[in-house]
Amino acid sequence: MIKCAFYTLLFITIQRSLFSITNTIKPQTTSNEFTISFISMGTGIDNNTYKKVEEFLSLHKPKITYIIISQGREGEKEIELDLKNQKIKDKQKILSKLKALTNSNKRVYFNKKNKK
């Protein structure tokens, strides 16, 4: 009985380790200009804010191209925005609306990627 429990625990530990490794590997992306990071400080991400941001992105006209990357064990996510097909005024409106949705949330960060 103890031997069976040990192997079960070992299997679960290995499975979780492999899952966290595969979730932290980022797929190759195109020219995504901005990243919105939803981080956790031991309590998971702010799901209400995440849902508002995701709903805004999915319903926006003209369509915004984005990729959602899940990371970590507490639901951390990154949303990579590709705004290259948007006009400059539209980019500014989109970013200001997203910042208003997150409402200075300490668990959400905006990053502009440097062009190489």
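This is a predicted model, so every value here is computed, not measured. Within every chain, residues take consecutive numbers counted from 1 along the sequence as written. Thresholds applied to this predicted model are a pLDDT of at least 70 for local features of residues and 80 or more for the giving and counting of side-chain atom pairs; totals over whole chains, interfaces and linings are not thresholded and use all residues. The side-chain figures draw on all heavy atoms in the structure; neither hydrogens nor water molecules are used.

Undergrad: Quick question: what am I supposed to make of the overall build of the chain here?
TA: Looking only at helices and strands, the chain features 3 helices and 4 strands. A run of H or I in DSSP counts as a helix once it spans at least four residues, and a run of E counts as a strand once it spans at least two, with each numbered from the N terminus. Listed N to C, the secondary structure of the chain is α-β-α-β-β-α-β in terms of helices and strands. Every residue pair with non-hydrogen atoms within 4.5 Å of one another is taken to be in contact. For the chain, restricting intrachain contacts to residue pairs at least 6 apart in sequence, the fraction spanning at least 24 positions comes to 68%. The Shrake-Rupley method, run with a 1.4 Å probe, gives the accessible areas here. Residue values count only the displayed protein chains as cover. Approximately 8,600 Å² of the chain is accessible, and the part contributed by carbon and sulfur atoms is 57%.

Undergrad: Any chance you could explain the sheet that holds strand β3 (residues 77-82) here in plain terms?
TA: Between any two strands, pairing holds if DSSP finds at least two bridges. Read from one edge to the other, the open sheet built from 4 strands follows the order β2-β3-β1-β4, with strand pairing classed as antiparallel. Each edge of the sheet is formed by a strand with only one pairing partner; in this case those strands are β2 (65-70) and β4 (108-112). In this sheet, neighbouring strand axes are inclined to one another by 20° on average, regardless of whether the strands run parallel or antiparallel. Note: β2 against β3, 6 bridges, orientation antiparallel. Lines are fitted to the C-alpha atoms to define the axes, a helix being fitted only along its stretch in contact, and any angle between axes, read from their N-to-C directions, falls within 0 to 180 degrees.

Undergrad: I tried to follow the environment of Leu-98 on my own but got confused; where do I start?
TA: Summarising the element assignment, Leu-98 is placed in helix α3 (residues 88-102). C-alpha separation for the pair Leu-98 and Phe-56, spaced 42 residues apart in sequence, amounts to 8.1 Å. In this view, Leu-98 contacts Ile-36, Val-53, Phe-56, Leu-57, Leu-81 and Phe-110; residues no more than four positions away in its chain are not counted.

Undergrad: I tried to follow the nonpolar core on my own but got confused; where do I start?
TA: What tends to happen in soluble globular proteins is that the nonpolar side chains get buried as a cluster. In these notes, a set of buried Ala, Val, Leu, Ile, Met, Phe, Trp, Tyr and Cys residues joined through side-chain atoms within 4.5 Å is what counts as a nonpolar core. Each residue's exposure class comes from its accessible area (1.4 Å probe, protein chains only) as a fraction of the maximum for that residue type: buried when under 20%, exposed when over 50%, partly exposed otherwise. Residues Ile-36, Phe-38, Leu-57, Ile-79, Leu-81 and Leu-98 are the most contacted members of the largest nonpolar core, which totals 16 residues. Elements supplying a minimum of two residues to this core: β1 (34-38), α2 (47-59), β3 and α3. Of the residues forming this core, the biggest block, 4 residues, is contributed by α2. Every residue in contact with Ile-36, bar those within four places of it in the chain, is listed here: Val-53, Lys-77, Glu-78, Ile-79, Leu-81, Leu-98, Val-108, Tyr-109 and Phe-110.

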